[in-house]
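# Structural features, examined
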Amino acid sequence: MYGEVEVSAPTIGLNNMYQIRVQILDWGGCPEELELWRSLKPISISSFEAMNATEKDELGYSRSSSITPERTDLSGGFWSIQTTGTHLWALKFVPAEGYPVQGVMRIVITITLRAS
C-alpha cells in the first residue's frame, strides 16, 4: 500500500517529524504473524509505479514491528524527516517465516506530519 503526502518546510528552529499508524479492523484470513515494513521517501507516485519490484524493494524499508491478531494498533514513535516536497509513503505486510503469503485484512492508515 502506498500514497503521496506533501511535506512543507518547518518553522525555523523546528524539525519535521512523521508517524505512520496502522489500525487493523479485520484480520480476515491472514497468517497468524506478519511483519510491517514502512518507508517515506522523497519521490512521486508516478516514479514509484514506474519502478520494477527490485527497485521498489531497494527504496529502503524499515521493519516497523511484528503483527499478530492480538496486536492490532501499530504506530511506533515519530521519525525525523529532513526533506520537503512530495513524498511517497509505502507499507509492506510480509508474512513471518513459515506462514503462507495470502490473506485479506481491512485496515486504516494514518500519516501524521508535525513540526517539533
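A quick note: this is a predicted structure, and the numbers were derived from the prediction, not measured.

### Looking at the nonpolar core
Residues Ile 24, Trp 27, Ile 67 and Met 105 are the most contacted members of the largest nonpolar core, which totals 18 residues. When residues in this core are grouped by element, the largest group, four residues, is from strand 2 (residues 16-26). Once residues lying within four places of it in the same chain are set aside, the contact partners of Met 105 are Ile 24, Asp 26, Trp 27, Cys 30, Leu 34 and Phe 93. Formed by six residues, the second largest nonpolar core is a distinct cluster that contains Ile 43, Phe 48, Leu 59 and Ala 90.

### Here we look at the sheet that holds strand 1 (residues 2-7)
One open sheet accounts for four strands, arranged 1-7-3-4; its pairing is antiparallel. The sheet is open, and its two edges are formed by strand 1 and strand 4 (62-67), each paired on a single side. This sheet shows a mean twist of 25° between the axes of neighbouring strands, independent of strand direction. Here eight bridges tie strand 3 (residues 34-41) to strand 7 (residues 85-95), and the two strands are oriented antiparallel to one another. Bridged to Trp 37 within strand 7 is Lys 92.

### Looking at the confidence of the model for the protein chain
On average, residues of the protein chain score 89 in pLDDT, and 100% of them reach the 70 mark or higher. Per-element confidence in the protein chain ranges from a low mean pLDDT of 78 for strand 4 to a high of 95 for helix 1 (residues 45-49).

### Considering the layout of surface pockets
Gaps left between atoms are located by rolling a probe of water-molecule size over the structure's atoms. Roughly 170 Å³ of volume is contained in the largest pocket. For the largest pocket, the lining is made up of 13 residues, of which Cys 30, Leu 34, Phe 93, Gly 103 and Met 105 are closest to its centre. Residues of the lining of the largest pocket, tallied by class, amount to eleven nonpolar, two polar and no charged.

### Focus: the environment of Glu 33
In this fold, Glu 33 is placed in the loop between strand 2 and strand 3. Its relative accessible area of 27% is what places Glu 33 among the partly exposed residues. Linking Glu 33 and Gln 19, residues 14 residues apart in sequence, is a C-alpha distance of 22 Å. Beyond its immediate stretch of four places on either side in the chain, Glu 33 contacts Ser 66, Ile 67, Thr 68, Pro 95, Ala 96 and Tyr 99. A polar contact of 3.0 Å, which involves the side chain of Glu 33, links it to the side chain of Ser 66.

Conventions used here
- Residues numbered from 1 in each chain as written.
- Predicted model: local features only at pLDDT ≥ 70, side-chain atom pairs only at ≥ 80, totals over all residues.
- Heavy atoms only, no water.
- Core = buried A, V, L, I, M, F, W, Y, C linked by side-chain atoms within 4.5 Å.
- Buried < 20%, exposed > 50% of the residue type's maximum accessible area, 1.4 Å probe, protein only.
- Helix = DSSP H or I, 4+ residues; strand = E, 2+ residues; numbered from the N terminus.
- Contact = heavy atoms within 4.5 Å.
- Pairing = 2+ DSSP bridges.
- Axes fitted to C-alpha atoms, helices over the stretch in contact; angles between N-to-C directions.
- pLDDT = per-residue confidence, 0-100.
- 1 Å grid on protein atoms, 1.4 Å probe; cavity = no way out; pocket = protein on both sides within 12 Å on 5 of 7 lines; lining within 4 Å.
- Points joined across faces, edges and corners; volume = space filled by probe spheres on them.
- Nonpolar A, V, L, I, M, F, W, Y, C, P; charged D, E, K, R; others polar.
- Polar contact = N/O pair within 3.5 Å; in protein donor to acceptor, adjacent residues only side chain to side chain.

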